[in-house]
Amino acid sequence: METAAQKITVETTINAPVAKVWEHFNAPEHITQWCFASDDWHAPSAENDVRTGGKFRTTMAAKDGSFSFDFGGIYSNVVPEKVIEYGMEDGRTVQVTFTEHGDSTTVTEIFDAEQTNPADMQRDGWQAILNNFKKHVEAN
């Protein structure tokens, strides 16, 4: 019997309206500016077809060239400025919700934990990326 994957939640509230948050979350030219967990990493390329059935792929890489990997998947549900759901290439699922509060927007990501790394390490990594996203949106 297969057990259900542990769900991990990360969240941030961004001082920007939902239309701007949505655009910065999904436009490849913005994804490459925020989609990494620490300053010694970067995202040299991103492709995104943000629609139900569309695919995405972002390359994340250490700036010193020592390691890189592609993060990708297929969207199972996209409701503009509300929700994005997708399946990753390893079979795990993610739900991202955008909740508007006037001039601010809360972004919540709920994802299936993988079995290799501890849940707190995964949570910290995803939260760091989301914090970079907040910083990018508020600065641009």
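The present account deals with the structure reproduced in this document. Within every chain, residues take consecutive numbers counted from 1 along the sequence as written. Local features are withheld for residues below a pLDDT of 70 in this predicted model, meaning they are given only at 70 or higher, and side-chain atom pairs are given and counted only at 80 or more; totals for whole chains, interfaces and linings count all residues. Side-chain figures throughout are based on the complete set of non-hydrogen atoms in the structure, without hydrogens or water.

**Brief notes about the packing of aromatic side chains**
And step 1. For Phe, Tyr and Trp, rings pair up if their centres lie within 6.5 Å, where Trp contributes its six-membered ring, and each pair is then called stacked (planes under 30 degrees apart), edge-to-face (over 60) or tilted (otherwise). According to the stated counting rule, one finds 15 aromatic pairs in the structure shown.
And step 2. With a centroid separation of 4.8 Å and an interplanar angle of 75°, the aromatic rings of F56 and Y86 are classed as edge-to-face. Remark: Y86 occurs in strand β5 (residues 83-88) and F56 occurs in strand β3 (residues 55-62); sequence separation between them is 30 residues. Taken as a pair, F56 and Y86 share a single burial class, namely buried.
And step 3. Counting every residue linked through ring pairs, the aromatic cluster contains F56, F71, Y75, Y86, F111 and W126. Labels follow the DSSP assignment, with helices taken as runs of H or I lasting at least four residues and strands as runs of E lasting at least two, numbered in each case from the N terminus. Each residue is assigned to one of three classes by its accessible area relative to the maximum for its type, calculated with a 1.4 Å probe on protein chains only: buried under 20%, partly exposed between the two thresholds, exposed over 50%.

**Some points on the environment of Q115**
And step 1. Inspection of the secondary structure puts Q115 in the loop between β7 (104-112) and α3 (119-139).
And step 2. Separated by 42 residues in the primary sequence, Q115 and G73 have C-alpha atoms spaced 18 Å apart.

**As for the pattern of salt bridges**
Opposite charge on two side chains permits pairing when their charged atoms draw close.
And step 1. By salt bridge we mean one thing: a side-chain nitrogen of Lys or Arg within 4 Å of a carboxyl oxygen of Asp or Glu. Tallied over the full model, the rule gives five salt bridges.
And step 2. Two residues, K7 and D112, come together in a salt bridge whose shortest N-O distance is 2.7 Å. Separated by 105 residues along the polypeptide, K7 in strand β1 (residues 7-14) and D112 in strand β7 bring together distant segments of the chain.
And step 3. Owing to a relative accessible area of 7%, D112 belongs among the buried residues under this scheme.
And step 4. The residue E138 makes a salt bridge to K134 at a minimum N-O spacing of 2.9 Å. Linking E138 with K134, this pair stays in helix α3, spanning four residues, or about one helical turn.
And step 5. For K134, a relative accessible area of 22% translates into the label partly exposed.

**Regarding the environment of H101**
And step 1. Note that H101 resides in strand β6 (residues 93-101).
And step 2. The class for H101 is partly exposed, based on a relative accessible area of 43%.
And step 3. Along the sequence, H101 and D90 sit eleven residues apart, while their C-alpha atoms lie 34 Å from each other.
And step 4. As used in this structure description, the phrase polar contact means that two N or O atoms lie within 3.5 Å; if the pair is within protein, one of them must be able to donate a hydrogen and the other to accept it, and residues adjacent in sequence are counted only when both atoms belong to side chains. Polar side-chain contacts of H101 include one of 3.4 Å to the backbone oxygen of T99.
And step 5. In this structure the side chain of H101 is engaged in a polar contact, spanning 2.8 Å, whose partner is the side chain of T106.

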